[in-house]
Amino acid sequence: MKKEYINEVAWGKILAFLRGNKGIYTGSPSKCKNFVEAIFWMARTGAQWRELPFYYGSWNSVFKRFNSWSRKNVWNKLLQHFSQDSDLEYVMIDSTIIRAHACAAGYGDQPEQGLGRSAGGFTSKIHAKVDALGNLLKFVVTPGQTSDITQARNLLSDVYNAQVLGDKGYSSKKLKSIIESNNCYVVIPPKSNFLEPWDYDEHIYKERHLIECFFSKIKYFRRVFSRFDKSMRNFVAFISFVGACLWLR
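Residues numbered from 1 in each chain as written. Predicted model: local features only at pLDDT ≥ 70, side-chain atom pairs only at ≥ 80, totals over all residues. Heavy atoms only, no water.

Visitor: What is the right way to look at helix H2 (residues 29-45) in this model?
Guide: Across its 17 residues, H2 extends 24 Å between first and last C-alpha, which sits within 8% of the 24 Å expected from 1.5 Å per residue. Most of H2 sits out of view: 12 of its 17 residues are buried. When H2 is considered as a whole, its buried residues turn out to be Cys32, Lys33, Asn34, Phe35, Val36, Glu37, Ala38, Ile39, Phe40, Trp41, Met42 and Ala43. Those residues of H2 that are buried lie in contact with helix H1 (8-19), helix H3 (59-71), helix H4 (74-82), helix H9 (222-225) and helix H10 (232-247). With its phi angle positive at about 70°, Gly46 sits one or two positions after the end of H2. (Helix = DSSP H or I, 4+ residues; strand = E, 2+ residues; numbered from the N terminus. Expected span 1.5 Å × (residues − 1). Buried < 20%, exposed > 50% of the residue type's maximum accessible area, 1.4 Å probe, protein only. Contact = heavy atoms within 4.5 Å.)

Written as structure tokens, this is what we have:
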């Protein structure tokens, strides 16, 4: 029996966004919803495309359409669209390791595709920024061995007048000064070996658990929990789609 993953209210918002995008074909609302439901099924199960249930249509047609929308940046724009209504009192950054399946290898240059070798093996890393409610605002995918702090400036480039929360992986005087130059309050604990440690609000820091909760939510989707996609573009598309779905809950 076919299960409906996206309720009518959420679908109405998605359809309104899709119809506002030039260059993509949506067709009838029911067929378009069936396609988006198929992408949800793929994201949730992590199955091979060939295993897509027949009631979603031809697996090859669904993949080609997903890949086409990925090239046109539709999935990333979907996340950007729903993340506009964000609570920016707090902004939290962190990263999580994603174990890559063997089938993710073999396409292009591995570092360029966000694949590398870390202590966890063959991995990618998702560097994310979430708002005060733990909803995804922005993310970057890198090889698994990439240090967290290398992506902090990119994630925070558009953050002003907010409280920025991060763990000790972002403890750097240079980064602290960059954040403060944007009129932001730094809630990052200093490393224990700093000669001149700074003070931070330990009560506000407790809110950082929300980004850990976000990572827990996206890892219920097996297409994110374990990377199966060879190209970073399609892997990023699935993360954007999942992030947008979480905004619609």
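Next comes the rest of the account.
Visitor: Just to check I follow, could you spell out the pairing of strand E3 (residues 121-130) for this structure?
Guide: Successive residues of a regular strand alternate their side chains across the two faces of the sheet. For E3, a buried count of 10 out of 10 residues is recorded, marking the element as mostly surrounded by other parts of the structure. Bridge analysis of strand E2 (residues 116-118) against E3 gives three bridges, and the strand direction is antiparallel. Paired with Gly116 across the two strands is Thr123, which belongs to E3. Where E3 lies against strand E4 (residues 136-143), seven bridges are found, and the strand directions are antiparallel. Looking at E4, one finds that Val130 is bridged to Leu136. (Pairing = 2+ DSSP bridges.)

Visitor: Would you explain the state of the cysteines in this entry?
Guide: Formally, a disulfide is one covalent bond, and it connects the sulfur atom of one cysteine to the sulfur atom of another. Summed over the entire model, instances satisfying the criterion amount to zero disulfides. Looking at the unpaired Cys32, the closest cysteine sulfur is the one in Cys245, lying at 13 Å. Residue class for Cys32 comes out buried when judged on its relative accessible area of 0%. (Disulfide = S-S within 2.5 Å.)

Visitor: How do you make sense of the environment of Asp201 when you look at a structure like this?
Guide: Take Asp201: it is sitting in the loop between strand E6 (185-187) and helix H7 (202-205). Not counting residues up to four positions away in its chain, the partners in contact with Asp201 are Tyr185 and Val187. Side-chain polar atoms of Asp201 contact the backbone nitrogen of His203, separated by 2.9 Å. (Polar contact = N/O pair within 3.5 Å; in protein donor to acceptor, adjacent residues only side chain to side chain.)

Visitor: Would you explain the packing of H2 against H3 in this entry?
Guide: Working note: a packed helix pair is described by the angle between its axes plus the distance between those axes. Relative orientation of the contacting elements H2 and H3 amounts to 85°, with a least axis distance of 11 Å. By the angle class used here, H2 and H3 are roughly perpendicular. Here Cys32, Phe35, Ala38 and Ile39 of H2 lie close against H3, whose contacting residues are Val62, Arg65, Phe66 and Trp69. (Axes fitted to C-alpha atoms, helices over the stretch in contact; angles between N-to-C directions. Parallel < 35°, antiparallel > 145°, perpendicular 65-115°, else oblique.)

Visitor: How do you make sense of helix H6 (residues 173-181) when you look at a structure like this?
Guide: Along H6, the positions that sit buried rather than exposed are Leu175, Lys176 and Ile179. Along the long axis of H6, the arc covered by the buried residues comes to 105°, so they all point the same way. The exposed set on the far side of H6, more than 90 degrees from its buried face, consists of Lys174 and Ser181. For H6, the elements touching its buried residues are helix H5 (152-155), strand E5 (163-165) and E6. One side-chain oxygen of the residue at the start of H6 lies 3.3 Å from the amide nitrogen of Lys174, identifying that residue as Ser172. At the C-terminal side of H6, Asn183 shows a positive phi close to 60°. (Arc of directions from axis to C-beta.)

Visitor: What should I look at first to understand the pattern of salt bridges in this one?
Guide: Opposite charge on two side chains lets them pair, provided their charged atoms get close. Enumeration according to the criterion identifies eight salt bridges in this entry. A salt bridge links Lys33 to Glu37; its shortest N-O distance comes to 2.8 Å. In this pair, Lys33 and Glu37 both sit in helix H2, four residues apart, roughly one turn of the helix. With a closest N to O distance of 3.2 Å, Asp229 and Arg223 form a salt bridge. What you see here is one network of salt bridges that share partners, running through Glu4, Lys33 and Glu37. (Salt bridge = Lys/Arg side-chain N within 4 Å of Asp/Glu carboxyl O.)

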